[in-house]
Amino acid sequence: MSVDLTTMIYTAEQVRDGEQDAAARCDVSMAQLMQRAAQACLEVIQHKQAAPANLLILCGPGNNGGDGWVLARLAQQAGFRVQVAATEPRSELAKLAAQAWRDQGGVVTDLTALTTAQIDNADVIIDAMLGNGLDRDLSTPFTEAVNLINRHNFAGWVLSIDVPTGLNSDTGIAMPTAVKATCTVTMIALKTGLVTGAAATYCGELVLADLGVSRAFFKTPPTLRAIQSSLVSEHLRRRNKAAHKGDFGHVLIVGGGPGMSGAALLAGQAALRCGAGKVSIACHKESQLAIAAAQPELMVHAVDNDLSALLERATVVVIGPGLGQSPWARALVERVAQWQGAVAWDADALNSLAAQPIAKPDASVWLFTPHPGEAARLLNLSASDVNANRLRALTQICQNFHAYTLLKGAGTLVKSPQQHDAWVCRRGSPALAVGGSGDVLSGVVGALLAQQTAEQIPTDQVLAIAAWLHAVAGEMAAQRGERGTLPSDLLDELRTLVNPHQDLKIGA
Ligand SMILES: NC(=O)C1=CN([C@@H]2O[C@H](COP(=O)(O)OP(=O)(O)OC[C@H]3O[C@@H](n4cnc5c(N)ncnc54)[C@H](OP(=O)(O)O)[C@@H]3O)[C@@H](O)[C@H]2O)[C@@H](O)CC1
Ligand SMILES: [K+]
């Protein structure tokens, strides 16, 4: 069976532990691995930039620097004009590689003396300062070098080897200073910190160089798996021609407090566009008219605190969009928390659970879709604590609340309470960073839950599929302009995406 190596993502520790073993199994020495790493970087450079261009290679003390020293030699042999600015090599492999560069007549300047002129003369800067050995904040001379590279007026491009210097390859947290690369060539396996958190700002295009040992390495189970389009097409098949609305579930959306009818409306519209058989909304009486007038297919009920009749008819519940934090909202949260079935919790419904926790009934399945602020409230932490280790926060929420959880933000993470590994969504767009986007997502989750039986979607894949649909709908909507894309623009795109097997052209 073929494995897409770019979908399996590991911690830096897993890579460190696994690479030596994988190299030994493939009968490759560490020096050969370094040679292959440098060769992979050279090929990426040659693809983008013909020789003789000016390369400035910045080498740090460890094996990341070693990759840089070897690259200097290979690139010069390939006809590039190469300058190296370096700190003293300290690892054995880096020392040998530095000596080989000098033996070839290569010139070296001290990284502490790096000048703006050196940077400006370069067509390509290669960041081989620090890789996955980064274990503390940057200091002189790395901070100064990174600041010089990141200046807005540098006309060339930047290739980071393995990981941009200053980015934590496990958490995706950037030190106050970190290289903003055009392209990152990472070795052997993708690392968790390159696909979540602030990674997208720093990594640029991410290229995996498997160095010929990945197949041995990939026997190790990954920490994260990238959500792929195949997950969607496997589960959202062509519908049975004799289908009726009862096959596709009844979503009840609880939300739409005073002044927040739009959130419940967006969730309802997304649930309809993603194929739920029926969608009802339980909202505040002040919101009923606005929602009903905006979308005739929605059944809109004004509720005080009695949801019993609506819950009896529902297949799944989504609670949170526009719910607010009033006593009215809390009463609804308490009622839904007792209901036995599948409940998707979002927004103020999560805040309410955070403020006054309620235990999940054993027979219920709960799905949470917090953003980092809501996740922080659920864990009694700050949002920056959550962002400092998104995967850890995700795992804690799953465990503490026995809930399938989707943690929003670039590199959305998804995890089920039972499984060890998690999913990451590598798709998406900054266009999704706008109020109402999360309401659409909760409607998508509701629709998938409602169709779970008809489409045989395992519960642990519902949030992963929803994250992918929402992210790709965002990318598609953003094609008309990232800035100014509205959550309602996602609705048409979602409709296309949930019909992957349908040829949407109308034949004769
Ligand atoms: N192993 C392999 O098979 C292969 C590995 N490969 C490559 O090796 C890289 C990993 O190499 P690595 O382990 O030597 O770590 P690396 O990132 O070079 O840094 C360690 C050095 O940095 C220092 N240091 C740390 N933080 C610092 C800071 N903030 N500020 C200043 N200094 C700091 C630390 O110093 P110390 O803590 O000892 O004082 C130590 O000297 C990997 O990313 C990939 O590029 C590829 O060739 C493929 C084959
Ligand atoms: K680097």
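Residues numbered from 1 in each chain as written. Chains lettered and ligands numbered in written order. Predicted model: local features only at pLDDT ≥ 70, side-chain atom pairs only at ≥ 80, totals over all residues. Heavy atoms only, no water.

An unreviewed UniProt entry lists the protein under the name Bifunctional ADP-dependent NAD(P)H-hydrate dehydratase/NAD(P)H-hydrate epimerase, with Pseudidiomarina tainanensis as the source organism.

### Quick notes on the domain arrangement of the protein
The test is simple: These domain boundaries are the output of an automatic or database domain assignment. Only heavy atoms matter for contacts: two residues are in contact if any of them lie within 4.5 Å across the pair. Summed over both partners, the accessible area (1.4 Å probe) lost when two parts come together is defined as the buried area.
As far as domains go, the protein holds domain 1 (5-226) and domain 2 (243-497). Its C-alpha centre places domain 1 at a distance of 40 Å from the equivalent point of domain 2. Counting residues at the interface gives 14 residues for domain 1, matched by 13 residues for domain 2. Taking both partners together, domain 1 and domain 2 bury about 1200 Å²; carbon and sulfur atoms supply 58% of that area.

### Here's the deal with the coordination of the potassium ion (ligand 2)
The line we're drawing: Coordination here is defined by N, O and S atoms within 2.8 Å of the metal (3.2 Å for Na, K and Ca), and since water is not considered, a site can look incomplete.
The potassium ion (ligand 2) binds to the protein through Asn64 (OD1), Asp127 (O), Leu130 (O), Ile161 (O) and Val163 (O), with metal-donor distances spanning 2.7 to 3.1 Å. Taken in chain order, the donor set of the potassium ion (ligand 2) reads N-x62-D-x2-L-x30-I-x1-V.

### A few points about the site of ligand 1
Heads up, the rule is: Any residue with a heavy atom positioned within 4 Å of a molecule or strand is treated as near that molecule or strand. Here a polar contact is taken to be a pair of N or O atoms separated by no more than 3.5 Å, where protein atoms must pair a possible hydrogen donor with a possible acceptor and residues adjacent in sequence count only if both atoms sit in side chains. The Shrake-Rupley method, run with a 1.4 Å probe, gives the accessible areas here. Residue values count only the displayed protein chains as cover. Only DSSP runs of H or I with at least four residues qualify as helices, and only runs of E with at least two residues qualify as strands; both kinds are numbered from the N terminus onward. Residues are grouped as follows: Ala, Val, Leu, Ile, Met, Phe, Trp, Tyr, Cys and Pro are nonpolar; Asp, Glu, Lys and Arg are charged; every other residue, Gly included, is polar.
With respect to spatial proximity, 22 residues lie near ligand 1, and among them Met30, Asp67, Gly131, Arg136 and Asp162 are the closest. Between ligand 1 and Glu19, the relevant distance is 2.8 Å, taken from a nitrogen atom to a side-chain nitrogen or oxygen of the residue. At 2.6 Å, a backbone N or O of Gly131 approaches an oxygen atom of ligand 1. In isolation ligand 1 has 940 Å² of accessible area, and contact with the protein removes 82% of it. Of all the secondary-structure elements, those providing two or more residues to the shell around ligand 1 are helix H2 (30-48) and helix H3 (63-77). Grouping the amino acids of the shell around ligand 1 by side-chain chemistry returns nine nonpolar, six polar and seven charged.

### Re the nonpolar core
For the record, the criterion: Buried residues of nine kinds, namely Ala, Val, Leu, Ile, Met, Phe, Trp, Tyr and Cys, make up a nonpolar core once their side-chain atoms join them within 4.5 Å. Per-residue accessibility, obtained with a 1.4 Å probe over protein chains only, is compared with the maximum for each type, and a residue is labelled buried under 20%, exposed over 50%, and partly exposed between these values.
Val444, Leu448 and Leu469 are the most contacted members of the largest nonpolar core, which totals 57 residues. Core analysis: the second largest hydrophobic core is formed by 52 residues, Ala282, Val303, Ala375 and Ile397 among them.

### Details of the sheet that holds strand E3 (residues 81-86)
The strands that make up a sheet pair up through hydrogen bonds in the backbone, lying either parallel or antiparallel. The line we're drawing: We treat two strands as partners when DSSP finds at least two bridges between them. All axes are obtained by fitting lines to C-alpha atoms, using only the stretch in contact for helices, and the reported angles, taken between N-to-C directions, cover 0 to 180 degrees.
Taken in spatial order, the seven strands line up as E4-E3-E2-E5-E6-E7-E9 in an open sheet, and their pairing is parallel. Edge positions in the sheet fall to strand E4 (108-110) and strand E9 (205-209), since each has one partner strand and no second. Between one strand axis and the next, the sheet turns by 20 degrees as a mean value, whatever way the strands run. When strand E2 (residues 54-59) meets strand E5 (residues 124-128), the two strands line up parallel, connected through five bridges. Across the sheet, the residue bridging to Ile57 is Ile126, located in E5. Strands in contact with H3 are E2, E3, E4, E5 and strand E6 (157-161); relative to E2, the strand with the most contacts, it is inclined by about 155 degrees.

### Observations regarding unusual backbone geometry
Note that the residue after Ala51, namely Pro52, is joined by a cis bond; omega there is 0 degrees. One can find Pro52 in the loop between H2 and E2. The peptide bond linking Thr140 to Pro141 adopts the cis configuration, its omega dihedral lying at 0 degrees. Tracing the backbone shows Pro141 in the loop between E5 and helix H6 (142-150). The backbone of Leu211 shows a phi angle near 55 degrees, a positive value even though the residue is not glycine. If you trace the backbone, Leu211 turns up in the loop between E9 and helix H8 (214-217). Residue classification places Leu211 among the buried residues on the basis of a relative accessible area of 9%. The backbone of Asn380 shows a phi angle near 60 degrees, a positive value even though the residue is not glycine.

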